[in-house]
Structure formats: C-alpha cells, structure tokens
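Here is what each chain is made of, one letter per residue.
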Amino acid sequence: MKKMQLTLTVNGEAHDVLAEPRELLIHVLRERLGLTGPHIGCETSHCGACTIDMNGRSVKSCTVFAAQADGAAITTIEGLGTPGALHPLQEAFREHHGLQCGFCTPGMITRAFRLLQENPSPTEAEVRMGMAGNLCRCTGYQNIVKAILAAATEMNTLKEAAE
Ligand code: FES
Ligand code: FES
C-alpha cells in the first residue's frame, strides 16, 4: 500500500513520518518514533495499555489509523515527566504502590492525566468510573485509585502555590 506523509506533534516535538494509512497509531509511535511507553496489550480496544492523549482526549492508540492522526497533537507517557523530574502522577504511583508488573502503568497514568485535567478534584467513585477503560491484571486497582487521588491533591496544591 502507498505510504503517506503524516505530520504529528508528539510530546511537543514536530515529526514528519512516512506510514501506511491503515497502520495503527500504536505501531507508528512505537516502531517509527521509538516511543515504547504506550504498550500493546489486547490490540482490540479493551485493555487500555496503549492509551495516549490525542488532541486533548484519552485515546486507545490501537484503535486509531495513522491517517486519522495526521496533524494531531499527541502526548505519551514519555511526555509527562522525566526520570529526574517525575510528573506528580508518576510520583504518586511510585509512592502508593500503584503498579506491580508495570505493563498497564503508562496507559493508566496517561489516562489519569486527562481525567485530572477534566476533573481536578474527583471523588473515589469518579476516579473508578474514569479509569474503567484501563485494565490491570496485578494490583486489584485499590492502590491505583489511591495514587490518582493523591496526585490530584498534590497537583491542586502546586497549582494554588503558583497562583
Ligand atoms: S492494546 Fe489498545 S486497548 Fe489494549
Ligand atoms: S501492574 Fe501489572 S497489569 Fe497492572
């Protein structure tokens, strides 16, 4: 199939990428851009391991064709923090043991990022509802929810301090 030229802004950086229009966005990110944070789990839109942020919405990147992403602004887990300067969500997952094997974690944190953008002070029930599309085989979810609530508090405190 003829390849097409895509323009993507990923984690704040512009990229021109040559890809087949029907190629899945998760493959473009992982194989063409080397961003292996978003994971491939089910590849059928169930598990959420491939979750990224695209144009201000949480998106399962195994359900998006490359052609649909042309011109998009994308954030992956790699764009949220660095090993030396973790995002409050990353810090909270570490602090509250929100992960075990870590396979679901990039998708969980990227989804939680958008959830807290939309609702900066969620209740526990709202966190559970908002995270319903992301599955974890290890943790039983309790510590993931705890971590997201703790990150929300921390992010609100940082925001207030900056105002
Ligand atoms: S790999 Fe995309 S939802 Fe499971
Ligand atoms: S930590 Fe293993 S799947 Fe979630």
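Residues numbered from 1 in each chain as written. Chains lettered and ligands numbered in written order. Predicted model: local features only at pLDDT ≥ 70, side-chain atom pairs only at ≥ 80, totals over all residues. Heavy atoms only, no water.

1. Topic: the environment of Q142
And then number 1: Relative to the assigned elements, Q142 resides in helix α5 (residues 142-162).
And then number 2: Separated by 19 residues in the primary sequence, Q142 and T123 have C-alpha atoms spaced 14 Å apart.
And then number 3: Reaching out from Q142, the side chain makes a polar contact with the side chain of R128 at a distance of 2.9 Å. (Helix = DSSP H or I, 4+ residues; strand = E, 2+ residues; numbered from the N terminus. Polar contact = N/O pair within 3.5 Å; in protein donor to acceptor, adjacent residues only side chain to side chain.)

2. Section: the sheet that holds strand β3 (residues 51-54)
And then number 1: Read from one edge of the open sheet, five strands run β2-β1-β5-β3-β4, paired in mixed fashion. Among the strands making up the open sheet, the edge pair consists of β2 (13-19) and β4 (57-60). The mean angle between the axes of side-by-side strands here comes to 40°, regardless of whether they run parallel or antiparallel.
And then number 2: Alignment of strand β1 (residues 4-10) against β2, held across seven bridges, turns out to be antiparallel. (Pairing = 2+ DSSP bridges. Axes fitted to C-alpha atoms, helices over the stretch in contact; angles between N-to-C directions.)

3. Quick word on the pairing of β4
And then number 1: Pairing of β3 with β4, which is carried by four bridges, proceeds in the antiparallel orientation. Counted as the bridge partner of D53 is S58 from β4.
And then number 2: In this antiparallel pair of consecutive strands, β3 and β4, the connection spans two residues, and N55 shows a positive phi of 50°.

4. Examining unusual backbone geometry
The phi angle of most residues is negative, glycine excepted, and most peptide bonds adopt the trans form.
And then number 1: The phi dihedral of N11 falls on the positive side, at around 50°, and the residue is not glycine.
And then number 2: The phi angle at S45 is positive, at roughly 70°, despite the residue not being glycine.
And then number 3: Mapped onto the secondary structure, S45 falls in the loop between α1 (25-32) and β3.

5. A look at the pattern of salt bridges
And then number 1: On inspection of all chains with the given rule, the structure shows five salt bridges.
And then number 2: A salt bridge links R22 to E20, with the nearest nitrogen and oxygen atoms 3.4 Å apart.
And then number 3: Notably, a salt bridge pairs R32 with E23, separated by 2.8 Å at the nearest N-O pair.
And then number 4: According to the relative accessible area criterion, R32 is partly exposed, its value standing at 36%. (Salt bridge = Lys/Arg side-chain N within 4 Å of Asp/Glu carboxyl O. Buried < 20%, exposed > 50% of the residue type's maximum accessible area, 1.4 Å probe, protein only.)

6. Concerning the side chain of D53
And then number 1: Following the sequence through the fold, D53 ends up in strand β3.
And then number 2: Of the polar contacts made by the side chain of D53, one reaches the side chain of R114; its length is 2.8 Å.
And then number 3: When neighbours within four sequence positions are excluded, D53 is seen to be in contact with S58, A73, I74, T75, T110, F113 and R114. (Contact = heavy atoms within 4.5 Å.)

7. A few points about the domain arrangement of the chain
And then number 1: Taken domain by domain, the chain consists of domain 1 (4-79) and domain 2 (88-162).
And then number 2: The gap between the C-alpha centroids of domain 1 and domain 2 is 21 Å.
And then number 3: Each partner contributes residues to the interface: domain 1 has 18 residues there, and domain 2 has 13 residues.
And then number 4: Carbon and sulfur atoms supply 56% of the area buried between domain 1 and domain 2, which totals about 1200 Å² over both sides.
And then number 5: Counting the surface domain 1 buries against domain 2, the share from its top three residues, H39, T51 and I77, is 38%.
And then number 6: Linking domain 1 to domain 2 there are one salt bridge.
And then number 7: Among the salt bridges present, the one from R114 reaches D53, with a minimum N-O distance of 2.8 Å.
And then number 8: Looking at the side of domain 1 that touches domain 2, the elements with two or more residues in it are β3 and β4. (Domains from an automatic or database assignment. Buried area = accessible area lost by both parts, 1.4 Å probe.)

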